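The lines below spell out each chain.
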Amino acid sequence: MSDRPKLLLVSAPHNFGWPWGQGNFYKGFYEYLGTGYLAAACKQAGISVEILDAPFHGWGPARTVKEIKDRQFDVLGISANWQEFFPQCAAMLELLSDVKAPVILGGHFPTIARKELLKDFPVLSAICVGEGEVTLVEAMEALAAGRSLQGPKTTPWLEVPGLALKSQETPRRPMVTDLDSLPFPLRPQAEMYRASKNPGAASANILSSRGCGGTCTFCTIHAFQATNPGPRWRARSPENTVDEMEALQKDYGFTNFRFVDEDFFGRCDEGRARAEAIAREILKRGIKARLEIYCRADEVDPDILKILKEAGLSSIYLSLDAVSESDIELYGKGTTRKQMVDSLRYVMESGLEFGYSFIFWHPYRKVSEIREAFDLLEQAAGGDAKAYSRILKGMQTGIISDLVVLTGSPLEERIRKDGLLKGNYREYSYNFADPSAAMAYSLVKGYKKVRNTAGNIWNSLLRPRMKS
Ligand code: B12
Ligand code: SF4
């Protein structure tokens, strides 16, 4: 180990929607900010750090491992947020089994499944429990300071809060409450995102808040938040948020900004006031920008949309999720059907581009309920055929969208209790309680498979291949 330990931060490979080796970001791929935030905190503390973003390059596990082994590092940090992508990360961890440096894994899924993952992957030295900026800096500093300590290479980490080690968990670390105190994330690929000809990719992602006040039972954001003490929703100030936008405009020329907050409005009055203040700050500084946000159906109304639109809001994504009345209860949405209908009306009347999602299939689905989703859309269209077709176009998940049972989610427990859960903590599937739902599901799924195969053939014939 050199004087100051070197950190290599890897965003684990994943194959979101298209084959490896073709440079994912060309297809409207989203920038991942987790490694950027971690690297910025390390850089600020004087720690030498390099980011390897495997999904951005379209690298699979083997290529990622080759890139890792071609580099010199004293600590390997791996980010593996998504449970659904974990098979690729698992393949990579297997191939890394001879790495001598300490390996630390972080993200939503690793935080939740830390005990099982530490047991199943001997190469892992530690898992970061929750947000990692402060923990990672302290872990790097502890290694630098504790080199003379006897015992395993991670002995100095026994003193670092926020870690799960093979032998024990260190005390929990409170969430960062003053988000303005964090340095802006490093963005090694910003230039390429901005220059992308694909409008979906040519946006800078901005994280203006963390956490969510929602209680959706299929989600694990609340479980992730609950691992460490602190408020469930925290926000950056409007000034700090707009400072970052200004810097991104000045440094790279970005004009499109995608707010990737779990919930932009925070489901509280303070969150709404902050959203308005961000809009005012943008207008005050005369920033010309196109904005995109994600939010819940119970958070939009014409007033808030008006001011955000003045500030550049061009597109909005609503998580509707619940297909039927009974889904609202099952999914713990806390949103009424009226709010769902109204939110669609408001976004349509505001003239914004919009998208929304339903989760159509789950173990308790009754085929007759599916109609309720389309009734809701018809209601939002108010009998206007043009409006209805516009609303239909906004449905981004499609009729095959199915529940992904996440480890640590309240639905995992319920489905297990009902004897319908299959698989293990890394990858669950389920049986349907109603056999006619099972049959209908396999029909739609078969159709989707055929459509995707045709789409892939079309894509691979038309899209120029990038060097992997
Ligand atoms: C960008 C994004 C994507 C991109 C990923 C692009 C990429 N380059 O990898 C894409 C579009 C591919 C994507 C896909 C999906 N996504 Co997504 N995505 C996001 C989004 C908007 C931003 C991620 C981000 O930048 N976060 C900001 C960073 C700072 O937070 P973080 O990742 O948690 O990192 C911190 C800690 O986890 C920790 N940490 C992380 N890594 C490491 C590593 C080390 C070494 C250490 C020490 C610490 C550490 O420290 C970090 C800093 O504090 C989040 C929402 C969000 N705000 O997180 C949703 C989100 C993560 N996605 C979500 C979902 C559901 C999906 C999909 C499953 C949706 C779907 N059904 O298709 C798919 C996955 C599909 C699949 N097949 O698996 C959910 C997850 C919900 C949950 N866990 O219950 C989220 C929270 C959105 C939401 N509110 O519903 N997604
Ligand atoms: S609103 Fe989104 S982030 Fe919040 S609990 Fe529901 S699904 Fe999770």
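This one's a predicted model, so the numbers in the text were calculated from it and none came from an experiment. (Residues numbered from 1 in each chain as written. Chains lettered and ligands numbered in written order. Predicted model: local features only at pLDDT ≥ 70, side-chain atom pairs only at ≥ 80, totals over all residues.)

## Considering helix H11 (residues 269-285)
Applicable threshold: Think of it this way: any DSSP run of H or I at least four residues long counts as a helix, any run of E at least two long counts as a strand, and we number them from the N terminus. Expected span, for any helix, means 1.5 Å times one less than how many residues it has. With C-beta atoms placed from the backbone, a residue counts as buried when 20 or more other C-beta atoms lie within 10 Å of its own, as exposed when 12 or fewer do, and as partly exposed for counts between those limits. An arc is given here, and it is the one of the directions from the helix axis to the C-beta atoms.
For H11, built from 17 residues, the straight-helix expectation of 24 Å at 1.5 Å per residue is met to within 8% by its first-to-last C-alpha distance of 24 Å. If you check which residues of H11 are buried, you get Gly271, Arg274, Ala275, Ile278, Ala279, Glu281 and Ile282. In a view along the axis of H11, the buried residues occupy a sector of 160°, so they form one face of it. In H11, the exposed positions angled more than 90 degrees off the buried face are occupied by Asp269, Glu270 and Lys284.

## Considering the domain arrangement of the protein chain
Counted only if it meets this: In this document the domain limits rely on a domain assignment from an automatic tool or a database. This entry defines residue contacts through backbone-placed C-beta atoms, with two residues in contact when those atoms are within 7 Å.
What the domain assignment lists for the protein chain is domain 1 (6-165) and domain 2 (203-395). Placing the centre of domain 1 and that of domain 2 at their C-alpha centroids yields a distance of 30 Å. Contacts between domain 1 and domain 2 engage 8 residues on the former and 8 residues on the latter.

## Side note on the environment of Val160
Locating Val160 in the fold gives a position in the loop between helix H7 (133-145) and strand S6 (163-165). On the basis of neighbour counts, which here come to 25 C-beta atoms within 10 Å, the residue Val160 falls in the buried class. Taking the C-alpha atoms as reference, Val160 lies 9.0 Å from Leu136; in sequence the two are 24 residues apart. Among residues more than four places away in sequence, those in contact with Val160 are Thr135, Glu138, Ala139, Ala142 and Thr170.

## Brief notes about the site of ligand 2
The test is simple: The C-beta atom of each residue is placed using the backbone, and any residue whose C-beta lies within 6 Å of a molecule or strand is treated as near it. Throughout, the ten residues Ala, Val, Leu, Ile, Met, Phe, Trp, Tyr, Cys and Pro are labelled nonpolar, Asp, Glu, Lys and Arg are labelled charged, and all others, Gly among them, are labelled polar.
Neighbouring ligand 2 are Cys212, Gly214, Cys216, Cys219, Ile221, His222, Glu262, Asp263, Arg296 and Ser319. When grouped by side-chain class, the residues that make up the shell around ligand 2 number 4 nonpolar, 3 polar and 3 charged.

## What about helix H1 (residues 34-44)?
Across the 11 residues of H1, 8 count as buried, placing the element largely inside the fold. Contact partners of the buried residues in H1: strand S1 (6-11), strand S2 (48-53), strand S3 (75-79) and H7.

## Structural notes on the site of ligand 1
In the vicinity of ligand 1 there are 34 residues, among which Gly34, Gly77, Glu84, Gly106 and Gly132 approach most closely. Contributions of two or more residues to the shell around ligand 1 are made by H1, S3, strand S4 (103-106) and H7. Classifying every residue of the shell around ligand 1 by side-chain character gives 19 nonpolar, 10 polar and 5 charged. Both domains that meet at the shell around ligand 1, namely domain 1 (6-165) and domain 2 (203-395), each give it at least three residues.

## Quick look at the sheet that holds strand S12 (residues 313-321)
Picture the strands of a sheet paired through backbone hydrogen bonds; they go either parallel or antiparallel. Convention followed: Strands are labelled as partners when DSSP assigns at least two bridges between them. Note on geometry: axes are C-alpha line fits, over the in-contact stretch for helices, and angles between N-to-C directions span 0 to 180 degrees.
Sheet architecture is open: 5 strands sit in the order S7-S10-S11-S12-S13, paired in parallel fashion. Each of the sheet's edge strands pairs with one partner strand only, and the pair in question is strand S7 (204-206) and strand S13 (353-358). Across the sheet, the mean angle separating the axes of adjacent strands is 20° when strand polarity is ignored. Where S12 and S13 come together, 6 bridges link them in parallel fashion.

## Description of the sheet that holds strand S5 (residues 126-128)
The 6 strands are arranged S2-S1-S3-S4-S5-S6 in an open sheet whose pairing can be described as mixed. Edge strands, defined here as strands with exactly one partner in the open sheet, are S2 and S6. Neighbour-to-neighbour, the strand axes of the sheet open up by a mean angle of 20°, direction not taken into account. Judged from the 3 bridges that link them, S5 and S6 form a sheet pairing that is antiparallel. For Ala126, the partnering residue across the bridge sits in S6 and is Leu165. Sitting on the sheet, H1 is in contact with S1, S2 and S3, with an inclination near 170° to S2.

## A short note on the environment of Ala41
Within the secondary structure layout, Ala41 lies in helix H1. Other than its neighbours up to four places away in sequence, Ala41 contacts Glu133, Leu136, Val137, Leu182 and Pro183.

## Remarks on the packing of helix H3 (residues 61-69) against helix H4 (residues 86-95)
Our working definition: By definition in this entry, angles of less than 35 degrees are roughly parallel, angles greater than 145 are roughly antiparallel, angles of 65 to 115 are roughly perpendicular, and the rest are oblique. When the near helix sits turned anticlockwise from the far one by under a right angle, the crossing is termed left-handed; a clockwise turn instead gives a right-handed crossing.
Across the interface, H3 lies against H4 with an axial gap of 9 Å and an inter-helix angle of 45°. Classified by the interaxial angle, the pair formed by H3 and H4 is oblique. For the pair H3 and H4, the crossing hand works out as right-handed. Counting all contacts with H3, which are made through Pro61, Ala62, Thr64 and Val65, the residues of H4 involved are Gln88, Ala91, Met92 and Leu95.

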